[in-house]
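Notes for the structure review
The primary structure of each chain is shown beneath.
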Amino acid sequence: MDNIAIGTGRRKTAVARVFLREGSGKIVVNGKDLKDYFDTAEQIRMVNQPLLVTSNANKYDILINVCGGGLNGQAAACLHGLSRALTQVDPNAHQALRSNGYLTRDSRMVERKKYGQRGARRRFQFSKR
């Protein structure tokens, strides 16, 4: 089967590669159905959001390979990658996706732990004596 468009989405440490193909609206994530892979309805709704905004709900089959992070980060990475793939197929959808914030990469990451401290910002208790 031939890919129409490929999009890469990222969120925290999750990376999703999204492949768009002609089809009937089936979404497969890491070899499983979308509803089997993601636990909550919120995560499933998040992945479907770009399709609903651009009115492409049953036009394409979508294959997603996602790794890293947790399920919420992976769902957001899928949303970002799917939005980027849809803009390749239909440049007119760019404005609708941009106005909803789906093309913006959410760059918030966990701050690293520093040496001599208990966490990223938390310090050990100070003792005067």
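Above this text you will find the structure in question.
These lines cover the structure that appears in this document, whether it is placed above or below. (Residues numbered from 1 in each chain as written. Predicted model: local features only at pLDDT ≥ 70, side-chain atom pairs only at ≥ 80, totals over all residues. Heavy atoms only, no water.)

1. Here's the deal with the sheet that holds strand E5 (residues 60-67)
Strand order in this open sheet of 5 strands is E1-E2-E5-E3-E4, and the pairing throughout is mixed. Each edge of the open sheet carries a strand with a single partner, namely strand E1 (5-11) and strand E4 (32-33). As paired strands, strand E3 (residues 27-29) and E4 are joined by 2 bridges and run antiparallel to one another. In the sheet register, Val29 faces E4, and the bridge partner there is Lys32. (Pairing = 2+ DSSP bridges. Helix = DSSP H or I, 4+ residues; strand = E, 2+ residues; numbered from the N terminus.)

2. What about the side chain of His80?
Structurally, the position occupied by His80 is in helix H3 (residues 71-89). Assessed through its relative accessible area of 5%, His80 is described here as buried. Separated by 3.2 Å, the side chain of His80 and the backbone nitrogen of Arg10 make a polar contact. (Buried < 20%, exposed > 50% of the residue type's maximum accessible area, 1.4 Å probe, protein only. Polar contact = N/O pair within 3.5 Å; in protein donor to acceptor, adjacent residues only side chain to side chain.)

3. Concerning the nonpolar core
Leu20, Val29, Phe38, Ile62 and Ile64 are the most contacted members of the largest nonpolar core, which totals 28 residues. Only strand E2 (14-22), E3, helix H1 (34-37), helix H2 (41-53), E5 and H3 provide two or more residues apiece to this core. Broken down by element, this core gets its largest block of residues, 7 residues, from H3. Excluding residues that lie within four positions of it along the chain, Val29 makes contacts with Leu34, Tyr37, Phe38, Ile64 and Val66. (Core = buried A, V, L, I, M, F, W, Y, C linked by side-chain atoms within 4.5 Å. Contact = heavy atoms within 4.5 Å.)

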